[in-house]
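# Structure assessment
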Amino acid sequence: MRDLLKKRILFFGGKGGVGKTTCASAMALAAAKQGKRVLLVSTDPAHSTSDIFERPFSKEETEIYPGLVGIEVDADYEARRYIDTVKEQIARLFSPSILKEAQRQIELVSTMPGVEEVALFDRMGELMVTRIDVYDLVIFDTAPTGHTMRLLRMPELMSSWIEALSKRRRSLISFGQNIDKVGSDPDPILTTLERRKEKLEQVRARLMQHNFTGFVLVLVPERLPIEESARAAETLQDANVNVCGILVNRVLPENLQGEFYQARRQQEQKYRDEIQRRFAKYPVEWILQFETDVYGLKNLERLSEMLAGPNDGAPLR
Ligand SMILES: Nc1ncnc2c1ncn2[C@@H]1O[C@H](COP(=O)(O)OP(=O)(O)OP(=O)(O)O)[C@@H](O)[C@H]1O
Ligand SMILES: [Mg+2]
């Protein structure tokens, strides 16, 4: 797992409740302890990084530990900011005669479902492209799998959307329709669309740059998380995103007694074997179930040592 710390961008994903935030936080702490400058970004609307570190995070970059800076991205705020930027751009492009109507349309669009997702992706992309010059490592703690998979498809979806808009704009220009500022050369709307497309391409390239960006799948040794992670690994691979590690969290310790424990452990062994078989091509790491839930620096430090310490990838026995 120490190899994970050689990446510049890491995503932590997986089924709800398996320990994504816990593992992303412990990994961020491990990297900071090695002297790296780390940015930990929480993108899950139900933020819990503040709770785990017992330090307040905010939508701005805030230092939470020496070398470790955190942000909790606020989707509502980002959506608002996104809409305001679009409105500003429109204000520069249109004449006052149609500006009001254009802005009214945009306000309407801003209530459409999906806008928050686009804005969130925009913000993540911005962090991936611009903050990487400031930090050695940027870690994204993501929302449960489905949401994240949609986010990763965003560059593709948005590119086709922008493509369609540009096409329409070009045909309007060629028909010389009565649209404000048509004919100014270069056309400002086309230029804006082109610029957006370039930015998306940059983010997409980053996502697919295997030695730069990696996706860590967190799961627990149980049926549903195994299935969901296998599907996610496949989707990521199809999208040409590097799956750089499988973290199997909450593995039972071996020194416990009792029938209940033996039964759990037996079932777990079956799933552990299955995980080794099904995820054979990925580095797999096993993280013990703690006696208590994991929050506070002390617990996180313990977990970060498990993650960053020497490990030959063998399952715990
Ligand atoms: N190894 C562990 N031992 C004991 N408790 C753990 C361990 N890993 C995680 N937990 C606990 O499990 C709970 C869920 O963890 P966490 O919030 O990291 O999951 P998540 O995948 O981020 O959840 P969500 O999908 O809601 O974002 C927390 O209470 C956490 O303290
Ligand atoms: Mg979480």
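Structure's up top.
Since the model is a prediction, treat every value here as computed from it, not as a measurement. Counting restarts for each chain, with residues numbered from 1 along the sequence as it is written. Here every chain gets a letter starting at A, and every ligand a number starting at 1, in the order they are written. Under the rules for a predicted model, residues below a pLDDT of 70 receive no local features and side-chain atom pairs below 80 are neither given nor counted, while totals for whole chains, interfaces and linings still include all residues. Neither water nor hydrogens contribute to the side-chain values; these are computed over all heavy atoms in the structure.

### Here we look at the packing of aromatic side chains
Here is the rule: rings of Phe, Tyr and Trp (six-membered ring for Trp) pair when centre to centre is within 6.5 Å. Planes less than 30 degrees apart are stacked, more than 60 are edge-to-face, and the remainder are tilted. Evaluation of the coordinates by the stated rule reveals 4 aromatic pairs. Summarising the aromatic geometry, the rings of F11 and F140 are spaced 4.8 Å apart at their centres and angled 15 degrees between planes, so their arrangement reads as stacked. Within this pair, whereas F11 is found in strand β1 (residues 9-14), its partner F140 is found in strand β5 (residues 137-141), the two being separated by 129 residues in sequence. Neither residue differs from the other here; F11 and F140 are each classed as buried. Ring geometry for F11 versus F215: centroids 5.8 Å apart, planes at 10 degrees, classification stacked. Here the residue F11 occupies a position in strand β1, and F215 occupies one in strand β6 (residues 213-219), the gap between them amounting to 204 residues. Note on geometry: a ring has a charge over it if NZ (lysine) or CZ (arginine) is within 6 Å of the ring centre and within 35 degrees of the ring normal. In this structure, K59 packs its charged tip against the face of Y77, placed 4.6 Å from the ring centre. Taking the ring centre of F290 as reference, the NZ or CZ of R302 above it sits at 4.1 Å. Under the scheme used here, helices are H or I runs from DSSP no shorter than 4 residues and strands are E runs no shorter than 2 residues, and both carry numbers assigned from the N terminus. Note on exposure labels: buried denotes an accessible area under 20% of the residue type's maximum, exposed denotes more than 50%, and partly exposed covers the range between, all computed with a 1.4 Å probe on protein chains only.

### Describing the nonpolar core
F140 and I246 are the most contacted members of the largest nonpolar core, which has 60 residues in total. Take this core: its biggest share by element is 9 residues, from helix α5 (residues 115-130). When residues are assigned to domains, this core turns out to be shared by domain 1 (80-116 + 154-201) and domain 2 (213-311), each giving three or more. In what follows, residue pairs with any heavy atoms lying within 4.5 Å of each other are defined as contacts. Apart from the residues lying within four places of it in its own chain, the contact partners of F140 are I9, L10, F11, F12, V41, T43, M124, L127 and M128. Only buried residues count toward a nonpolar core, which is a set of Ala, Val, Leu, Ile, Met, Phe, Trp, Tyr and Cys residues joined through side-chain atoms within 4.5 Å. Delimitation of the domains relies on an automatic or database domain assignment.

### Re the site of ligand 1
We call a residue near a molecule or strand when any one of its heavy atoms sits within 4 Å of it. Not every one of the 18 residues close to ligand 1 is listed here, only the nearest: K20, T21, T22, F290 and V294. Two N or O atoms count as a polar contact when they lie within 3.5 Å, although within protein this holds only if one can serve as hydrogen donor and the other as acceptor, and sequence-adjacent residues are included solely when both atoms are side-chain atoms. Residue G19 places a main-chain N or O atom 2.9 Å away from an oxygen atom belonging to ligand 1. With respect to ligand 1, the side chain of T22 contributes an N or O atom lying 2.4 Å from an oxygen atom. Accessible surface is estimated by sampling points in the Shrake-Rupley manner with a 1.4 Å probe; for residues, cover comes only from the protein chains shown. Starting from 630 Å² of accessible surface for ligand 1 in isolation, the protein chains cover 81%.

### Here we look at the sheet that holds strand β4 (residues 68-72)
Within a sheet, each strand pairs with its neighbour through backbone hydrogen bonds, oriented either parallel or antiparallel. Across the sheet, which stays open at both edges, the 8 strands sit in the order β3-β4-β2-β5-β1-β6-β7-β8 with mixed pairing between neighbours. Only two strands of the sheet have a single partner each, and these edge strands are β3 (62-65) and β8 (284-288). Geometrically, the sheet is characterised by an average inter-axis angle of 25 degrees between neighbouring strands, direction not taken into account. Strands pair, by our definition, only if DSSP identifies at least two bridges between them. Bridge count for strand β7 (residues 243-251) against β8 is 4 bridges, and the pairing is parallel. Bridged to L247 within β8 is E285. Lines fitted to C-alpha atoms define the axes, with helix axes restricted to the stretch in contact, and inter-axis angles between N-to-C directions lie between 0 and 180 degrees.

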